[in-house]
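Here are the chains, one letter per residue:
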Amino acid sequence: MSNIKSTSRRGSKKPGRRIFSGREVGSASTNMTQDRMGDVVQNESVFYSKAENYWKEVAPTVDGMLGGYGKISNVDIDGSIKFLKNFLGQGQGKTSNGCALDCGAGIGRITKRLLLPLFNTVDLVDVTQEFLDKAKVYLGEESKRVENYFCCGLQDFTPQDGRYDVIWIQWVIGHLTDDHLVEFLRRCRGGLRPEGLIVIKDNVAYEGVIPDDVDSSVCRDLVLLKSLVARAGLEVVCEEQQMNFPDEIYQVHQLALR
């Protein structure tokens, strides 16, 4: 799945937002500061149920997974491959290619194009069963190297201890509250093998926290995101901005965590 944030949502159910001079421009209720994060999720059960209901209405296609931006898939995958290959290999400090976990996997776009070509086996986790069912078809013959399809929200998911070389978390952290994101990252730490790596790839706001009431998610700025990573006991070992996306998409950053 994806909660790509753009400044224009023509053709989708999500409201458009404008960016001017490096700042989001909108109503006072749209542009929120970090200390008002709690206002977005006063009722956690509603926050999560609204997101689940939203994704149940999304078509199980690449374009659906990318919020109508299927055209960026190749650029996205190319950037992810280049980023991830910096860490893979043999020897001290390198991450092996045994098993990867695709978080918020949707129909398996990232599994198919990024993870299966680089890892021996992959597990998928997503909150929408229809997407996971579609993934078994979408992945084709390569689905035989997928060992597990977990239907679960990340706020409730616990990776198996010491199973994964890489845990890939893309365009889904906005569906977790701050505390649940910290707790999930802590559980991911336990799911890593020696020299394992967690990668977050997501939109980041220019300042503060931007809520999206339609898909029930938030977009955080880098300062807040890095503070949550630190709370989880993880360190950002590499950070890179994804380039060559359409101008109307909020900036996307990749963070490698250990």
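Rules and cut-offs
- Residues numbered from 1 in each chain as written.
- Predicted model: local features only at pLDDT ≥ 70, side-chain atom pairs only at ≥ 80, totals over all residues.
- Heavy atoms only, no water.
- Helix = DSSP H or I, 4+ residues; strand = E, 2+ residues; numbered from the N terminus.
- Buried < 20%, exposed > 50% of the residue type's maximum accessible area, 1.4 Å probe, protein only.
- Polar contact = N/O pair within 3.5 Å; in protein donor to acceptor, adjacent residues only side chain to side chain.
- UniProt positions renumbered as here; feature names shortened; annotations may be inferred.
- Contact = heavy atoms within 4.5 Å.
- Core = buried A, V, L, I, M, F, W, Y, C linked by side-chain atoms within 4.5 Å.
- Expected span 1.5 Å × (residues − 1).
- Axes fitted to C-alpha atoms, helices over the stretch in contact; angles between N-to-C directions.
- Parallel < 35°, antiparallel > 145°, perpendicular 65-115°, else oblique.
- Left-handed = near helix turned anticlockwise from the far one by under 90°.
- Nonpolar A, V, L, I, M, F, W, Y, C, P; charged D, E, K, R; others polar.
- Salt bridge = Lys/Arg side-chain N within 4 Å of Asp/Glu carboxyl O.
- Phe/Tyr/Trp six-rings, centres within 6.5 Å; stacked < 30°, edge-to-face > 60°.
- Lys NZ or Arg CZ within 6 Å of the ring centre and 35° of its normal.
- Pairing = 2+ DSSP bridges.

**Remarks on the side chain of H175**
And step 1. Positionally, H175 belongs in the loop between β6 (164–170) and α7 (178–191).
And step 2. Classification of H175 as buried rests on a relative accessible area of 7%.
And step 3. A distance of 3.2 Å separates the side chain of H175 from the backbone oxygen of S216, its partner in a polar contact.

**Description of the UniProt feature "binding site: S-adenosyl-L-methionine" (unreviewed entry) in the protein**
And step 1. Taking the UniProt record as the reference, the feature "binding site: S-adenosyl-L-methionine" (unreviewed entry) is found at G104, R109, D126, V127, T128, L154, Q155 and Q170.
And step 2. Of the polar contacts made by the side chain of D126, one reaches the backbone nitrogen of T128; its length is 2.8 Å.
And step 3. One can find Q155 in the loop between β5 (146–151) and β6.
And step 4. Q155 gets classed as buried once you look at its relative accessible area, which sits at 15%.
And step 5. The contact partners of Q155, leaving out residues within four places of it in the chain, are Y48, L176, H180 and R187.

**Structural notes on the nonpolar core**
And step 1. Core analysis: the biggest nonpolar cluster contains 34 residues, and I167, I169, L185 and I198 have the highest contact counts within it.
And step 2. Of all the secondary structure elements, the ones that give two or more residues to this core are α2 (44–56), β3 (99–103), β6, α7, β7 (192–203), α8 (222–231) and β11 (252–257).

**What to know about helix α4 (residues 73–85)**
What sets the pattern is the α-helix's 3.6 residues per turn: residues three or four places apart point alike.
And step 1. Along its 13 residues, α4 runs 18 Å from first to last C-alpha, staying within 8% of the 18 Å computed at 1.5 Å per residue.
And step 2. Against α3 (62–65), α5 (109–115), β6, β7, β10 (236–241) and β11 lie the buried residues of α4.

**Focus on the environment of G153**
And step 1. By secondary structure assignment, the location of G153 is in the loop between β5 and β6.
And step 2. For G153, a relative accessible area of 10% corresponds to the buried category.

**Side note on the packing of α7 against α8**
And step 1. Direction vectors running N to C along α7 and α8 enclose 45°, while the axes themselves pass 8 Å from each other. Between α7 and α8, the interaxial angle falls into the category oblique. Our pair here, α7 against α8, has a crossing hand that is right-handed. Within the contact between the two elements, α7 uses D178, D179, L181, V182, L185 and R186 and α8 uses L224, L225, L228, V229 and R231.
And step 2. Of the residues in the contact of α7 with α8, the class split is seven nonpolar, no polar and four charged.

**Some details on the pattern of salt bridges**
And step 1. Evaluation of the coordinates by the stated rule reveals nine salt bridges.
And step 2. Notably, a salt bridge pairs D76 with K201, separated by 2.7 Å at the nearest N-O pair. Highlighted residues: D76 in helix α4 and K201 in strand β7, separated in sequence by 125 residues.
And step 3. One salt bridge in this structure joins D123 and R163, with 2.7 Å as the shortest N-O distance. In this pair, D123 is assigned in strand β4 (residues 121–126) and R163 in the loop between β5 and β6, connecting sequence segments 40 residues apart. As far as burial versus exposure is concerned, D123 and R163 are alike and both buried.
And step 4. One network of salt bridges, in which partners are shared, links D76, R109 and K201.

**Here we look at the packing of aromatic side chains**
In this description, an aromatic ring pair is defined by two values, namely the gap between the centres and the angle between the planes.
And step 1. Evaluation of the coordinates by the stated rule reveals six aromatic pairs.
And step 2. Between W171 and F245, the ring centres sit 6.2 Å apart and the planes meet at 25°, which makes this aromatic pair stacked. Of this pair, W171 sits in the loop between β6 and α7 while F245 is found in the loop between β10 and β11, placing the two residues 74 residues apart along the sequence. This pair shows no difference in class: W171 is buried, exactly as F245 is.
And step 3. By way of ring pairs, the aromatic residues Y54, W55 and F131 are connected into one cluster.
And step 4. Here K112 stacks its cationic end above the ring of Y138, 5.1 Å away from the centre of that ring.

**With respect to the sheet that holds β5**
And step 1. Reading across from one edge, β5-β4-β3-β6-β7-β11-β10 is the order of the seven strands in this open sheet, with mixed pairing throughout. Of all the strands in the sheet, just β5 and β10 have a single pairing partner and so form its edges. Between one strand axis and the next, the sheet turns through 15° on average, direction left out of account.
And step 2. Taken strand by strand, α4 contacts β6, β7, β10 and β11, and its axis lies near 150° from that of β7.
And step 3. Against the sheet, α8 makes contact with β7, β10 and β11, and its axis sits at roughly 20° relative to β11, the strand it touches most.

**Topic: the environment of V146**
And step 1. Relative to the helices and strands, V146 is located in strand β5.
And step 2. Setting aside residues up to four positions removed in sequence, V146 forms contacts with T111, L116, V122, L124 and L139.

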